[in-house]
Amino acid sequence: MSTVKEIPLVEQASELWTAVNAVRRRGGTVGLVPTMGYLHEGHGSLVARSAAENDLTVVSIFVNPLQFAEGEDHGTYPRDLDRDREMSAGAGAGLVFAPCTEEMYPQAPITSVAVKGLNAVLEGRYRPTHFDGVTTVVAKLFSLLGPGRAYFGEKDYQQLAIIRRMASDLSLPVEVVGCPTVREPDGLAMSSRNVYLSADERPAATVLWRSLQAGRDAVVEGSRNPDEVEAVMAAVLAAEPKASPDYTAVVDAATLDRPDVLDGELRLLVAARIGRARLIDNMGVSCDRI
Ligand code: AMP
């Protein structure tokens with residue numbers, strides 16, 4: 001007997017359109033949760049939110065080669081489709097769309113969606129082709145099923161900002177919904193890549209959360225100087241010998257611009273490598289100009 005909870009698995013785009021259209025023709029609403037699979041409770045929270053707000057929730061599972069650079073972990077990214085189907089069904093999804101690469105890209109695409117400027121800062125400095133791969137595949141998923149709403153995690157804050165801007169600039173008929181980051185009890189943001197952490201690296205991975213907390217405390221205690229706040233965050237990362245920091249940043253939460261003086265809604269962001277895992281995290285903080 002199969003232990004996989006029953007949920008339709010669709011691998012072909014034409015079949016997806018038929019299934020989704022049947023719901024739409026009846027006047028039903030469709031929510032999309034795009035993922036790369038190896039689902040955890042963070043993904044589950046997006047699925048549950050979509051299921052509460054739409055008649056059909058589609059979870060897409062696709063490890064998109066376009067968003068990985070040479071030497072990154074596309075080939076080794078963790079995969080477990082049976083477990084993903086079970087989790088999707090458990091969280092309230094009605095369908096899993098898991099296409100193969102040839103189905104998504106029957107020919108190597110020469111068309112790309114680029115959210116210029118936003119794609120080049122923060123993560124974009126370390127992964128220059130990453131966001132164009134993300135926006136291109138998300139635009140394709142939007143075209144393939146036409147969701148009324150699409151759900152993305154604040155865990156990938158820059159990605160969320162970029163997709164919002166893409167949808168706005170291109171007048172895409174979809175509401176982009178951002179959902180809060182789900183964390184382990186010790187503060188580590190849930191991520192499929194956490195499986196790369198060895199047992200002795202795992203406790204060190206809380207350093208990202210600790211760095212964000214220190215940055216927030218500095219703002220709350222009155223610092224309005226971004227250099228100072230970033231230095232506080234960097235010092236926490238530097239004190240963890242297992243972590244190799246990529247960046248600490250404080251930016252305007254809406255524009256991702258770096259203000260000269262901290263004011264209003266801000267976002268603190270960190271990235272660091274721990275062993276094989278490259279981890280990112282972020283946190284919101286608001287303040288008034290002193
Ligand atoms: P991924 O499979 O890593 O591409 O993530 C798919 C979606 O799940 C993205 O919108 C992520 O931002 C979101 N996500 C990943 N981890 C979390 C988390 N810990 N909490 C909330 N959302 C998350």
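For clarity, every value in this text was computed on a predicted model and none was experimentally measured.

J.: What's the story with the layout of surface pockets in this structure? I'm lost.
T.: There is about 230 Å³ of room inside the second largest pocket. If you trace the second largest pocket, you find 15 residues lining it, with I61, F62, V63, R79 and P99 closest to the centre. Of the residues that constitute the lining of the second largest pocket, the class distribution is nine nonpolar, three polar and three charged.

J.: Looking at this model, I keep getting lost on the packing of helix α2 (residues 41-53) against helix α3 (residues 81-91). Mind explaining?
T.: Packed helix pairs are specified by the crossing angle of their axes together with the interaxial distance, meaning the distance between the axes. Where α2 meets α3, the closest approach of the two axes is 8 Å, and the angle between their N-to-C directions is 40°. As judged from the angle between their axes, α2 and α3 are oblique. The way α2 lies across α3 gives a crossing that is right-handed. Facing E41, G44, V47, A48 and A51 of α2, the residues of α3 in contact are M87, S88 and A91.

J.: So what exactly am I meant to see when it comes to the sheet that holds strand β7 (residues 243-252) here?
T.: The strands making up a sheet associate through hydrogen bonds between their backbones, and the pairing can be parallel or antiparallel. A sheet is described by the order of its strands in space; here three strands give the open sequence β7-β8-β9, paired in antiparallel fashion. With one partner strand each, in any of the chains shown, β7 and β9 (277-287) form the two edges of the open sheet. The average undirected angle you get between the axes of adjacent strands in this sheet is 15°. In this sheet, β9 lies alongside strand β8 (residues 264-274) in antiparallel orientation, the contact comprising 11 bridges.

Conventions we followed
Residues numbered from 1 in each chain as written. Predicted model: local features only at pLDDT ≥ 70, side-chain atom pairs only at ≥ 80, totals over all residues. Heavy atoms only, no water. 1 Å grid on protein atoms, 1.4 Å probe; cavity = no way out; pocket = protein on both sides within 12 Å on 5 of 7 lines; lining within 4 Å. Points joined across faces, edges and corners; volume = space filled by probe spheres on them. Nonpolar A, V, L, I, M, F, W, Y, C, P; charged D, E, K, R; others polar. Axes fitted to C-alpha atoms, helices over the stretch in contact; angles between N-to-C directions. Helix = DSSP H or I, 4+ residues; strand = E, 2+ residues; numbered from the N terminus. Parallel < 35°, antiparallel > 145°, perpendicular 65-115°, else oblique. Left-handed = near helix turned anticlockwise from the far one by under 90°. Contact = heavy atoms within 4.5 Å. Pairing = 2+ DSSP bridges.

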